[in-house]
Amino acid sequence: MDNGNCLFSTSFEFAEIEVAKNSMTVFTPTIDVRDSLRATWAEINLGNLRKNFQLIKDRVGTVGVMLVVKANAYGHGLVEVTRGLCDLAECVGVAVLEEGILLRHQGIMSPIIVLGGIWGDQIPLFIEHDLILSASSIDRLLQIDDAAGATGKRAKVHLKIDTGMERVGIHYFNANKLQETALKCANVDVLGIYSHFANAEAEDISHTKLQLERFMEVLAFYEKRSINRPTAHIANSAAVLRLPESHLDMVRPGLLLYGVHPSANIPGSIDVLPAMAWKSRVVYFKVVPKEHPVSYGSTWISDHPVRMVTIPVGYGDGYMRCMSNRSQVIINNRKYPQVGTICMDQMMVNIEMDSAYNGDEVILLGSSDNSCISVEDMAVWANTVPYEVLTSINTRVPRVYV
């Protein structure tokens with residue numbers, strides 16, 4: 001929805017999806033967000049995302065870049081981020097079939113690869129919606145070939161090789177069997193081959209280099225047979241920064257695209273820009289007397305009277321309960337501590353004897369004139385990784401695109 005310089009999106013954009021055998025219906029109710037925008041929202045800067053994408057392209061040179069938008073584009077909004085950046089990308093990467101189908105229903109025509117595992121009954125839907133499958137075993141590849149033959153269409157696949165993650169993919173020492181089988185499939189076009197690093201963010205990257213060596217041995221299959229290899233990719237955000245020999249034909253930056261470095265210890269960083277700010281407003285003010293405990297479990301109590309404000313955001317929105325009594329927010333350019341147990345829909349902030357009024361803006365994530373709360377800060381408070389912080393901000397929080 002266009003509203004001046006902003007586009008608004010709510011959870012209704014992420015449609016209710018009904019799968020019935022070989023069909024999918026997408027329901028997308030239309031509402032005017034200007035009439036219903038919550039007092040808590042996330043601002044997504046599409047311009048910063050495009051700048052970040054270009055910075056990554058500059059780093060990797062002529063190598064292709066996949067636009068990774070799995071998990072609701074790391075919380076930034078699957079459809080709008082894809083629309084805003086797909087013209088820059090070699091292809092679009094999602095994690096599950098439903099994400100790919102939703103993008104097709106929204107008119108996205110770019111090549112889309114589903115990077116996650118699949119089960120056999122899903123294969124006709126991939127073919128129907130022209131989505132690229134990850135073929136992670138000989139049995140799955142043969143199923144894909146049979147399903148494509150039954151429809152009279154060709155299936156598009158990337159072969160998935162496990163070089164040390166032990167998640168999905170045929171082991172590198174058995175990969176040649178999958179590659180040989182792919183050459184014999186009558187209804188399959190092998191467009192790519194890939195693996196995934198397990199420890200590229202670690203200070204010690206010896207295992208990462210071992211994985212790359214294993215993957216290169218797998219790729220030697222094509223040179224030995226004088227066959228043009230399909231597009232090869234293994235580099236994630238950390239490898240984009242620190243392991244240029246892993247860039248190969250295409251890279252798959254995730255967190256880096258969204259303006260967050262995968263680790264503070266990685267050399268060769270680039271000046272990506274945060275793309276999300278998470279904001280709310282003060283909805284209640286009161287003076288809490290001394291020795292009056294705050295919130296569930298009475299986990300916080302003051303020995304003197306304090307001014308307290310209530311913010312309409314909680315773990316039901318993805319503001320994690322484990323950050324209780326640890327996190328901070330910015331109000332009127334000053335940082336204040338969140339106190340008491342974070343509730344499902346609300347939390348309390350101690351402003352001591354300062355002033356705040358109903359409607360005052362509260363920055364949960366982002367910057368004011370002289371204060372900043374980063375994704376990394378929130379990850380420390382939650383004892384987790386930035387990936388989880390971003391992807392935990394659920395679709396109950398409206399996204400505002402600027």
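Residues numbered from 1 in each chain as written. Predicted model: local features only at pLDDT ≥ 70, side-chain atom pairs only at ≥ 80, totals over all residues. Heavy atoms only, no water.

### Digging into the overall build of the protein chain
Line of reasoning, step 1. When helices and strands are counted, the protein chain shows 11 helices and 23 strands.
Line of reasoning, step 2. Radius of gyration (C-alpha) of the protein chain: 24 Å, near the 21 Å computed for a compact globule of 402 residues.
Line of reasoning, step 3. Along the longest, intermediate and shortest principal axes, the C-alpha atoms of the protein chain span 80 × 50 × 40 Å.
Line of reasoning, step 4. The proportion of buried residues among the 402 residues of the protein chain is 52%.
Line of reasoning, step 5. Counting contacts in the protein chain only where the partners sit at least 6 residues apart, residues at least 24 apart contribute 66% of the total.
Line of reasoning, step 6. For the protein chain, the accessible area works out to roughly 17,700 Å², and carbon and sulfur atoms hold 49% of it.
Line of reasoning, step 7. One way to put it: in the protein chain the 36 positive side-chain charges average out to a point 1 Å from where the 44 negative ones average out. (Helix = DSSP H or I, 4+ residues; strand = E, 2+ residues; numbered from the N terminus. Rg over C-alpha atoms; globule rule 2.2 N^0.38 Å. Buried < 20%, exposed > 50% of the residue type's maximum accessible area, 1.4 Å probe, protein only. Contact = heavy atoms within 4.5 Å. Areas by Shrake-Rupley, 256 points an atom, 1.4 Å probe, with all protein chains shown as cover. Lys, Arg positive; Asp, Glu negative; His and termini not counted. Charge placed at Lys NZ, Arg CZ, Asp CG, Glu CD.)

### Section: the nonpolar core
Line of reasoning, step 1. In terms of nonpolar packing, the biggest core is built from 121 residues, with Val69, Tyr319 and Ile331 touching the most fellow members.
Line of reasoning, step 2. Among the elements that make up this core, the one with the highest residue count is helix H8 (residues 206-224) (six residues).
Line of reasoning, step 3. Aside from chain neighbours lying at most four places away, what touches Ile331 is Val282, Val309, Tyr336, Val349, Ile351, Ala356, Glu361 and Val362.
Line of reasoning, step 4. Residues Trp300, Met308, Cys343 and Met348 belong to the second largest nonpolar core, which totals eight residues. (Core = buried A, V, L, I, M, F, W, Y, C linked by side-chain atoms within 4.5 Å.)

### Some points on the pattern of salt bridges
Line of reasoning, step 1. Considering all chains together, one arrives at 12 salt bridges under this definition.
Line of reasoning, step 2. Asp87 is paired through a salt bridge with Arg50; the nearest N and O atoms lie 2.9 Å apart. Taken together, the residues Asp87 in the loop between helix H3 (78-85) and strand S7 (91-94) and Arg50 in helix H1 (residues 46-60) connect sequence positions 37 residues apart.
Line of reasoning, step 3. Classification of Asp87 by relative accessible area gives exposed; the value is 53%.
Line of reasoning, step 4. Linked by salt bridges that have partners in common, Arg38, Asp317, Asp345 and Arg396 make up one network. (Salt bridge = Lys/Arg side-chain N within 4 Å of Asp/Glu carboxyl O.)

### A look at the side chain of Ser327
Line of reasoning, step 1. Following the sequence through the fold, Ser327 ends up in the loop between strand S17 (306-311) and strand S18 (328-331).
Line of reasoning, step 2. Here Tyr319 takes part through its side chain, which lies 2.9 Å from a polar atom of the side chain of Ser327. (Polar contact = N/O pair within 3.5 Å; in protein donor to acceptor, adjacent residues only side chain to side chain.)

### So, empty space enclosed by the protein
A water-sized probe rolled over the atoms picks out the places where empty space is left.
Line of reasoning, step 1. Overall, the coordinates contain two cavities of 30 Å³ or more when judged by the stated rule.
Line of reasoning, step 2. Its boundaries defined by the atoms lining it, the largest cavity holds a volume of some 40 Å³.
Line of reasoning, step 3. Along its surface, the largest cavity is lined by His76, Tyr258, Val260, Pro274, Ala275, Met276, Leu365, Val375 and Leu390.
Line of reasoning, step 4. Residue classes in the lining of the largest cavity are distributed as eight nonpolar, one polar and no charged.
Line of reasoning, step 5. Of the voids in this model, the second largest cavity is the one considered here, and its volume is about 30 Å³. (1 Å grid on protein atoms, 1.4 Å probe; cavity = no way out; pocket = protein on both sides within 12 Å on 5 of 7 lines; lining within 4 Å. Points joined across faces, edges and corners; volume = space filled by probe spheres on them. Nonpolar A, V, L, I, M, F, W, Y, C, P; charged D, E, K, R; others polar.)

### Quick look at unusual backbone geometry
Line of reasoning, step 1. For Tyr74, which is not glycine, the phi dihedral falls at a positive 55 degrees.
Line of reasoning, step 2. One can find Tyr74 in helix H2 (residues 70-74).
Line of reasoning, step 3. Of the residues examined, Tyr74 reaches a relative accessible area of 6% and is grouped as buried.
Line of reasoning, step 4. The backbone of Glu352 sits at a positive phi, close to 50 degrees, despite the residue not being glycine.
Line of reasoning, step 5. Along the polypeptide, Glu352 turns up in the loop between strand S20 (347-350) and strand S21 (361-367).
Line of reasoning, step 6. In this structure Glu352 comes out as partly exposed when scored by relative accessible area, which is 34%.

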